[in-house]
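Here is how the chains run, residue by residue.
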Amino acid sequence: MLWFLAACTLPSFTVAYLATALMRRWAPAMGLIDQPAARKVHVEPTPLGGGLGIYAGVIVPLLGAVLLAWIVVKMESPPSWLPAEIAVHLDGVLYRAGKLWAILAAGTLLVVMGFLDDRFGLSWRYRLGMQFMIAIALVSGGVSASVFVTQPWVGQLLSVLWIVVLINSLNFLDNMDGLSGGIGLIASVMFAYIMLTATTEPRWLVGGCLLVLAGALTGFLCHNWPPAKIFMGDAGSTFIGLLLASFTLLGTFYDETMSDRHVMLAPLCVLAVPLYDICTVVMLRLSEGRSPFQPDKCHFSHRLTDLGLSRRNAVLTVHFATLATGLGGLLLYKVEGWAEAALVVALVLCMLVIVSILELASRLKVEKQQP
């Protein structure tokens, strides 16, 4: 397992770290500079384009891994250095490679669109329309979940919504140094742990892809941790959201040997804080008659800074809140029956109530300070 962990994370970390370092030098010449503004927390012009480093950190290792799998399959016998538990799954890797290429192709479209949005600015309606088209194409290609409903269209509809919501959720979270990248890292590690250890048989392909994403995000965060030297931009945040959504749909969180189906709630627990943030922010903007995609400082992280926390501590608070709900998702695999699972869900909901109380306290404080 340690060999597999290193093989997945070290190449992606190295590629992402180097690619992001190059983007720090090239971004100004490409016009990718994020200028300070009233609704932004940074005070100095900062390069954009770090998302291209994350993209490279994912694409290059995965292309190399599939190429290596194809070469090994063509051999008469697998090499001695390749663990037997990995070698027996190489045919399956090549069999499912088509879905992986579809996800990476969809991610490439999002990266290009995010790059253009970072450079020139695109209408939110155009971006949302493209996201729905990409999600529908992926679901039509088999990147979907049944959610144990006999009518296939129900699972397909929920899968499309899941992809679009997660794309925008990670994008919305990209409002402070290290926030969106850290949330993506926590989620990818949590999901990889489930895929490789919590199920009856390890899901090597999906677990490996999630570890590759975790390595790429770690390499990027070396440049983005407060104070950030570069931002990921929409090209990075939307790419992360798509990969997390797609891999959670491809991953099998439940199998027939498990006593109950409550483990299907694990993704909702792991991503409870990002999902809460996007839901509350969108509802607040709509209630005020504003566009749901209009930038503001109504996110949980902004509320924490209004309460007096530094930006670094606000980011760490959101990270640990996500880690707490994510551990609840892992705990679902240790309990039997819906009654015990309800306790885990209640624990996650209590964490979200704490978040809402902090947000309300911040809002009241800001209203008192206004003339």
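Here, every reference points to the structure presented above.
Described in the following lines is the structure provided in the data block. Bear in mind that the values here come from a model prediction, so they are computed numbers and not experimental data.

**Considering the overall build of the protein**
- Along the backbone of the protein there are 15 helices and two strands.
- Scaling as 2.2 N^0.38, a compact globule of 371 residues should have a C-alpha radius of gyration of about 21 Å, and the protein matches this with 21 Å.
- Here the C-alpha coordinates of the protein stretch approximately 75 × 55 × 35 Å along the principal axes.
- The long-range fraction of contacts in the protein, counting pairs at least 24 apart against all pairs at least 6 apart in sequence, stands at 76%.
- Here the protein has roughly 17,100 Å² of accessible surface; of this, 67% comes from carbon and sulfur atoms.

**Some words on the pattern of salt bridges**
- Tallied over the full model, the rule gives four salt bridges.
- Asp117 is paired through a salt bridge with Arg127; the nearest N and O atoms lie 3.7 Å apart. Of this pair, Asp117 sits in helix α5 (residues 97-119) while Arg127 is found in helix α6 (residues 124-140), placing the two residues 10 residues apart along the sequence. The two residues Asp117 and Arg127 agree in class, both being buried.

**A closer look at the side chain of Ser301**
- Relative to the helices and strands, Ser301 is located in helix α13 (residues 300-306).
- Residue classification places Ser301 among the buried positions, given a relative accessible area of 2%.
- At a separation of 2.6 Å, a polar atom in the side chain of Ser301 contacts the side chain of Asn175.
- Ignoring any residue separated from it by four or fewer positions in sequence, one finds Ser301 in contact with Asn175, Met176, Leu179, Ala314 and Val318.

**Some words on the side chain of Thr248**
- Looking at the element boundaries, Thr248 is found in helix α10 (residues 233-250).
- Thr248 sits in the buried class, given a relative accessible area of 7%.
- Of note is the side chain of Thr248, whose polar atom sits 3.0 Å from the side chain of Trp162.
- At 2.8 Å, the side chain of Thr248 forms a polar contact with the backbone oxygen of Ala245.

**Describing a nonpolar patch on the surface**
- Taken together, Val147, Val149, Trp153, Leu157, Leu158, Leu161 and Val165 make up a surface patch of nonpolar side chains, about 580 Å² in accessible area.
- Along the chain, Val165 falls in helix α7 (residues 152-172).
- Judged by its relative accessible area of 32%, Val165 falls in the partly exposed class.

Calculation notes
Residues numbered from 1 in each chain as written. Predicted model: local features only at pLDDT ≥ 70, side-chain atom pairs only at ≥ 80, totals over all residues. Heavy atoms only, no water. Helix = DSSP H or I, 4+ residues; strand = E, 2+ residues; numbered from the N terminus. Rg over C-alpha atoms; globule rule 2.2 N^0.38 Å. Contact = heavy atoms within 4.5 Å. Areas by Shrake-Rupley, 256 points an atom, 1.4 Å probe, with all protein chains shown as cover. Salt bridge = Lys/Arg side-chain N within 4 Å of Asp/Glu carboxyl O. Buried < 20%, exposed > 50% of the residue type's maximum accessible area, 1.4 Å probe, protein only. Polar contact = N/O pair within 3.5 Å; in protein donor to acceptor, adjacent residues only side chain to side chain. Patch = residues over 30% accessible without salt bridge, like charges linked within 9 Å, V, L, I, M, F, W, Y side chains within 5 Å.

So yeah, pure geometry; function would need other evidence.
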